[in-house]
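# Fold and contact review
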Amino acid sequence: MLALLFCIFSQFGFAMKPAPFQPISYTDASSSMTVQSNPDTNKTEVFHSNGSLFWSMEEYIGRRRIFLSPDGTTLLLFGNIYFGHLLGQNENASVLEVYEQGEKKNSLTFLQFFGSTPAQLKERFDIPELGGGWLPIIQYTSIETLDWKTRTYTIKFQDEEIRTVSF
């Protein structure tokens, strides 16, 4: 119902606007390591399970989905800084960023990550376009596995297609 309202109002020039950023705190279930990111200081820090600082970077991660390797050295950020789970329609926009102890090592575009353009996925799954052109594509896919040793992830589409990509 909410998506329908966004679609209707987007025709009149109303676009989704992100809420103000808040500090982020994420604790990895397997390692008990913590990622903390603060929009006021524009800093992200990774802490060992004992609370000591492991590494930091001068960047706020926003609302992206966080994946932290078991040893805490690799941080994957999926989505966009403003809405996280909603993606724009620019096929060359970054949707996955890879950091090694705070240094950006890789960035995958929409096309590299999904193997399709936003327009192709929009048509394939009849995905509604929300205000501002945002697409809830993650509702039609899931990250099934993340293999830190081989540095690959496997995503599954709603129609059962499976795609494995290196990061």
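The rules behind each value
Residues numbered from 1 in each chain as written. Predicted model: local features only at pLDDT ≥ 70, side-chain atom pairs only at ≥ 80, totals over all residues. Heavy atoms only, no water. Helix = DSSP H or I, 4+ residues; strand = E, 2+ residues; numbered from the N terminus. Buried < 20%, exposed > 50% of the residue type's maximum accessible area, 1.4 Å probe, protein only. Areas by Shrake-Rupley, 256 points an atom, 1.4 Å probe, with all protein chains shown as cover. 1 Å grid on protein atoms, 1.4 Å probe; cavity = no way out; pocket = protein on both sides within 12 Å on 5 of 7 lines; lining within 4 Å. Points joined across faces, edges and corners; volume = space filled by probe spheres on them. Nonpolar A, V, L, I, M, F, W, Y, C, P; charged D, E, K, R; others polar. Pairing = 2+ DSSP bridges. pLDDT = per-residue confidence, 0-100. Contact = heavy atoms within 4.5 Å. Core = buried A, V, L, I, M, F, W, Y, C linked by side-chain atoms within 4.5 Å. Axes fitted to C-alpha atoms, helices over the stretch in contact; angles between N-to-C directions.

## Here we look at the overall build of the protein
- Regarding its fold elements, the protein presents 3 helices and 11 strands.
- Going residue by residue from the N terminus, the α and β elements of the protein occur as α-β-β-β-β-β-β-β-β-α-α-β-β-β.
- Counting the 167 residues in the protein, one finds 40% classified as buried.
- With the model as given, the accessible surface of the protein reaches about 9,000 Å², and the carbon-plus-sulfur share is 52%.

## Considerations on unusual backbone geometry
- Positive phi is not limited to glycine here, since Ser32 has a value of about 60°.
- Counting through the fold element by element, Ser32 comes out in the loop between β1 (24-27) and β2 (34-38).
- Of note, Glu160 is a non-glycine position whose phi angle comes to about 80°, a positive value.
- Within the secondary structure layout, Glu160 lies in the loop between β10 (152-157) and β11 (162-166).

## Considerations on empty space enclosed by the protein
- Scanning all chains against the criterion turns up 1 cavity of 30 Å³ or more.
- Roughly 50 Å³ of internal volume is contained in the largest cavity.
- Lining the largest cavity, in full, are Phe67, Leu76, Leu96, Phe113, Ile143, Leu146 and Tyr153.
- A class-by-class count of the residues in the lining of the largest cavity yields 7 nonpolar, no polar and no charged.

## Side note on the pairing of strand β9 (residues 141-147)
- Where β9 meets β10, 6 bridges bridge the pair, whose relative direction is antiparallel. Each bridged residue has a counterpart across the sheet, and for Asp147 the counterpart in β10 is Thr152.
- What sits between β9 and β10 in their antiparallel hairpin is a turn of 4 residues, with Arg151 showing a positive phi close to 55°.

## Focus: the confidence of the model for the protein
- Per-residue pLDDT for the protein has a mean of 90; in total, 90% of the residues score no lower than 70.
- Predicted confidence for residues 4-10 stays below pLDDT 50, and this span has 7 contacts to residues more than four positions away or in other chains.

## Some words on the nonpolar core
- Counting residues in each nonpolar core, the largest one holds 23 residues, and the members touching the most others are Phe78, Leu96, Phe113, Phe114, Leu121, Ile137 and Tyr153.
- Secondary-structure elements contributing two or more residues to this core are β6 (74-78), β7 (94-100), α2 (110-114), α3 (118-125) and β10.
- Residue contacts for Leu96: discarding those within four places in its chain leaves Leu76, Leu77, Phe78, Asn106, Ser107, Leu108, Phe113, Tyr153 and Phe167.
- Of all hydrophobic cores here, the second largest spans 11 residues; its members include Ile61, Leu68, Leu75 and Tyr99.

## Regarding the sheet that holds strand β4 (residues 53-57)
- Reading across from one edge, β1-β2-β3-β4 is the order of the 4 strands in this open sheet, with antiparallel pairing throughout. Two strands in the sheet have a free side with no partner beyond their single neighbour: β1 and β4. For this sheet the average axis-to-axis angle between neighbouring strands, irrespective of direction, equals 15°.
- In this structure, β2 lies alongside strand β3 (residues 43-47), joined through 5 bridges in antiparallel fashion. Paired with Asn38 across the bridge in β3 is Lys43.

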